[in-house]
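# Reading the structure
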Amino acid sequence: AERIMSMKRILKYAAIYLACCAAIGAGVYVSIIFYAQKTFYLDKKQWHPAEPEAQHIDPGRLTKVLDYVDTRLPTARSLLLLRNGKTVVEKYYWLGGPKQTDYLHSLNLPLLQVLIGIAIDHQLIQGPEQPLSAFFQKQLTSLPDDAASMTLNRLLRAQAPLIWGAGDPGYWDLFYAADRIQASMRVIYRQQKKTQPAINFAAAYLLSQVIEQVSGQSVFDFAYRYLFQPLGITTYAADDEDLTLDPMVGFQIKALDLAKIGYLLAQEGHWEGRQIVSKEWVRWLFYNVPYAEFDDTPGGSWVKITIRGQESLIVRGEGGQYIVLIPALDVVVVTTSTSRFALPQDNGHDRLLQLIVEAVLETSETAGIAAKPDLKSETVPGPYTDTLAPNFVFSTSVPQDILDFFHQFAQDIF
């Protein structure tokens, strides 16, 4: 009897032990399924990996860049930094990950600009000056007579603030319109009088419809065949049935995919021994790109800005998505965000890009930058003394970056 009781006790403890192991295993499995791309993702660069030193990037300054994202950009999902065609940084945050896709929102337009260039290369479209009446004659009849002069160039150069205001036609008005083309044409025509955020979505949708008309296939199939597949982007492969295929919604791709498209443009359409889109088209795309201050950067199409003395090309999408090209330094930067709405323009990305440029520039050059008088002393309060600022911060001298943080925090709450 004692042996039987002892055996039962052993079996009981063994069952408890196995149950605990199973519970732990299940917990680990669930964690991997839901959080692997964030928590368990090791710093493994997927495409042409390189160490910072090999690409002449200061590791100490680069650490400041990564710390800044960790501590000051809570909505960040990813940060990718390419230099000389090598991946120096590929980091993911919050629910981001190497396999996580993001809707491009207003960044659909730069991708469609490339696709239009490819269609022109294949002689499916005459060029950017081709009138919209060649594609949307029926919808133009309901607009004033001067609408007939609108060309593809109007769509390709569309830019607008990303913050939606009162009186703006909403995205959902376009999405649920009985005739999306006509609704989008009305928005584009009104651009002459008032710039609205809906312009970015209307222009991207109309460009997608142009591609579908001239190619006889969906814009997603066209993009996969002529752009994504040559770049090794598998997001819209034929067997991927999990993605939304609605031209009004636009593309949904991975952060690395976005970085590859940025690098393609930085290389004037050339990719690993093959010309994906003509050099002439990329040069036209960046010709006469308007200059803008970072805190006044519209969304949709490309603008030029200066970052620490370096002329840069930047395109900004709704929700905190950025592609940045710094030609003189052979640098491409991509960031994506968790935001489901447009971030305020002063959202910390300007400081992030400054830190990146400082990390790339030679030490001797950055020393000169640090000595410039426009940088505030650590013990001198900055210019943020408006009513939005938390006044208690100014009761004592604090570092400028702390003042900047509280100013931004107050603006966000406001």
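Residues numbered from 1 in each chain as written. Predicted model: local features only at pLDDT ≥ 70, side-chain atom pairs only at ≥ 80, totals over all residues. Heavy atoms only, no water.

### Some points on the packing of helix α4 (residues 133-140) against helix α7 (residues 180-190)
Viewed as axis vectors pointing N to C, α4 and α7 meet at an angle of 95°, and their least axial separation amounts to 9 Å. Here α4 is positioned roughly perpendicular relative to α7, judged by the angle of their axes. On α7, the residues that touch Phe136, Gln139 and Leu140 of α4 are Ile181, Gln182 and Met185. Among the residues forming the contact of α4 with α7, the class breakdown is 4 nonpolar, 2 polar and no charged. (Axes fitted to C-alpha atoms, helices over the stretch in contact; angles between N-to-C directions. Helix = DSSP H or I, 4+ residues; strand = E, 2+ residues; numbered from the N terminus. Parallel < 35°, antiparallel > 145°, perpendicular 65-115°, else oblique. Contact = heavy atoms within 4.5 Å. Nonpolar A, V, L, I, M, F, W, Y, C, P; charged D, E, K, R; others polar.)

### Quick word on the environment of glutamate 311
Within the secondary structure, glutamate 311 is located in strand β8 (residues 310-317). Between the C-alpha atoms of glutamate 311 and tyrosine 291, which are 20 residues apart in sequence, the distance is 9.8 Å. When near neighbours in sequence (up to four residues on either side) are disregarded, glutamate 311 contacts Tyr291, Lys304, Ile305, Ile326 and Pro327. Reaching out from glutamate 311, the side chain makes a polar contact with the side chain of tyrosine 291 at a distance of 2.3 Å. (Polar contact = N/O pair within 3.5 Å; in protein donor to acceptor, adjacent residues only side chain to side chain.)

### A short note on the packing of aromatic side chains
The geometry of an aromatic ring pair is captured by the separation of the ring centres together with the interplanar angle, meaning the angle of the planes. Overall, the coordinates contain 15 aromatic pairs when judged by the stated rule. Relative to tyrosine 176, the ring of phenylalanine 175 lies with its centre 5.0 Å away and its plane at 85°, an arrangement referred to as edge-to-face. Judged by relative accessible area, phenylalanine 175 falls into the buried class, the value being 19%. Judged by relative accessible area, which is 63%, tyrosine 176 ranks as exposed. Three or more aromatic residues joined by ring pairs make a cluster, and in this case those are Phe220, Phe228, Tyr236 and Phe251. Over the ring of tryptophan 284 we find arginine 157, and its NZ or CZ is 4.1 Å from the ring centre. Looking at arginine 180, its charged tip hangs above the ring of phenylalanine 175, at a distance of 4.8 Å from the centre. (Phe/Tyr/Trp six-rings, centres within 6.5 Å; stacked < 30°, edge-to-face > 60°. Buried < 20%, exposed > 50% of the residue type's maximum accessible area, 1.4 Å probe, protein only. Lys NZ or Arg CZ within 6 Å of the ring centre and 35° of its normal.)

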